[in-house]
Amino acid sequence: MGKLLVIMLVCIFMAFQSLEALDYGDALNKSILFFEGQRSGKLSVNQRVLWRADSALSDGQPDNVNLIGGFYDAGDNVKFVWPMSFTTTLLSWAAIEYQNKISSANQLGYLRSSIKWATDFILRAHTSPTTLYTQVGDGNSDHSCSERPEDMDTPRTLYKINSSSPGSSAALASAALVFKTVDSNYSSKLLSHAKSLFEFADQYRGSYQASCPFYCSYSGYQDELLWAAAWLCWNLFLDKSQS
């Protein structure tokens, strides 16, 4: 028993030593790099993931809209706006909640860039007050073919929500808070689109199901509306508190 206790104490000591040696800034950097590796569209000159090239530059062509950009989903070459939006909301939340710590690790600029890469696409996908494109590419055909997005055939299948096939989104409202003190014009644009999307979703209440081959609503539209309303209220609270 004594030998076992000694071994346990040594293991615990080594574990704490390993924790102290971890470079969380490097871990955060690699996490953000993952999103840069998932970028679609015309890449920026400061793109750090050099094995990713421009791709899907004709997205939106079948409907004569510009849906270039955004992120690919996991190992897919499809752009699913619902998980992209939720991910963007969480990234924005992190940028707001842990701004000082992320900044001290010299990662805040990279994080904001990843958020903006998503929100720029969502803004383009919101082509009218009652239309939001929610998927670019066919998931079934994509899952049966493994290829680089740079080699995909285009144009690609499009899915959208409208007054007859509703849904809602909160990503733009959360990102508006991220850029509030960085780029007020961009923040206002995000908030304007967020309000428009919320009003649309509130007027045409319904779960994201009808035009949804993947990542459909799980528990109905109420949770989605509340999630969006919470971020809009946070914006409103800050505006009032700072006025």
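Residues numbered from 1 in each chain as written. Predicted model: local features only at pLDDT ≥ 70, side-chain atom pairs only at ≥ 80, totals over all residues. Heavy atoms only, no water.

- Under the annotation held in an unreviewed UniProt entry, the protein carries the name cellulase and is attributed to Brassica carinata.
- One UniProt comment on the protein, placed under Catalytic activity (unreviewed entry), says "Endohydrolysis of (1->4)-beta-D-glucosidic linkages in cellulose, lichenin and cereal beta-D-glucans."
- In the Sequence similarities (unreviewed entry) part of its UniProt record, the protein is described as follows: "Belongs to the glycosyl hydrolase 9 (cellulase E) family." (UniProt positions renumbered as here; feature names shortened; annotations may be inferred.)

1. Considerations on the packing of helix α3 (residues 81-97) against helix α7 (residues 171-178)
Okay, so step 1: At a closest axis distance of 8 Å, the pairing of α3 and α7 adopts a crossing angle of 25°. Classed by the angle they form, the pair α3 and α7 counts as roughly parallel. Here α3 runs over α7; the crossing is left-handed. On α7, the residues touching Ser85, Thr88, Thr89, Ser92, Ala95 and Ile96 of α3 are Ala171, Ser174, Ala175, Leu177 and Val178.
Okay, so step 2: Broken down by class, the residue content of the contact of α3 with α7 amounts to six nonpolar, five polar and no charged. (Axes fitted to C-alpha atoms, helices over the stretch in contact; angles between N-to-C directions. Helix = DSSP H or I, 4+ residues; strand = E, 2+ residues; numbered from the N terminus. Parallel < 35°, antiparallel > 145°, perpendicular 65-115°, else oblique. Left-handed = near helix turned anticlockwise from the far one by under 90°. Contact = heavy atoms within 4.5 Å. Nonpolar A, V, L, I, M, F, W, Y, C, P; charged D, E, K, R; others polar.)

2. Considerations on a nonpolar patch on the surface
Okay, so step 1: The grouping of Phe86, Leu90 and Trp93 at the surface amounts to a nonpolar patch, some 290 Å² of accessible area in total.
Okay, so step 2: Within the secondary structure, Phe86 is located in helix α3. (Patch = residues over 30% accessible without salt bridge, like charges linked within 9 Å, V, L, I, M, F, W, Y side chains within 5 Å. Areas by Shrake-Rupley, 256 points an atom, 1.4 Å probe, with all protein chains shown as cover. Salt bridge = Lys/Arg side-chain N within 4 Å of Asp/Glu carboxyl O.)

3. Quick look at the packing of helix α5 (residues 108-125) against α7
Okay, so step 1: Here α5 crosses α7 at 140°, and the two axes come no closer than 10 Å. By the angle between their axes, α5 is oblique relative to α7. Between α5 and α7 the crossing geometry is left-handed. Two secondary-structure elements touch here, α5 through Arg112, Ile115, Thr119, Ile122 and Leu123 and α7 through Ala171, Leu172, Ala175 and Val178.
Okay, so step 2: For the contact of α5 with α7, the class distribution of residues is seven nonpolar, one polar and one charged.

4. Considerations on the pairing of strand β2 (residues 132-136)
Each regular strand shows side chains that alternate between the opposite faces of the sheet.
Okay, so step 1: Within β2, five of the five residues are buried, leaving the element largely enclosed by the surrounding structure.
Okay, so step 2: Inspection of the sheet shows strand β1 (residues 79-80) paired to β2 by two bridges, in the antiparallel sense. Of the residues in β2, the one forming a bridge with Phe80 is Gln135.
Okay, so step 3: Pairing of β2 with strand β3 (residues 158-161) involves four bridges; the strand directions are antiparallel. (Buried < 20%, exposed > 50% of the residue type's maximum accessible area, 1.4 Å probe, protein only. Pairing = 2+ DSSP bridges.)

5. What about the packing of aromatic side chains?
Okay, so step 1: For the structure on display, the rule yields 11 aromatic pairs.
Okay, so step 2: With centroids separated by 5.4 Å and ring planes inclined at 80°, the aromatic side chains of Phe34 and Phe35 adopt a geometry described as edge-to-face.
Okay, so step 3: Residues Trp231 and Trp234 carry aromatic rings whose centres are separated by 5.1 Å and whose planes lie at 20° to one another, so their mutual orientation is stacked. Placement of both Trp231 and Trp234 in helix α9 (residues 221-242) is noted, with a separation of three residues, approximately one turn of the helix.
Okay, so step 4: Residue class for Trp231 comes out buried when judged on its relative accessible area of 3%.
Okay, so step 5: Judged by its relative accessible area of 29%, Trp234 falls in the partly exposed class. (Phe/Tyr/Trp six-rings, centres within 6.5 Å; stacked < 30°, edge-to-face > 60°.)

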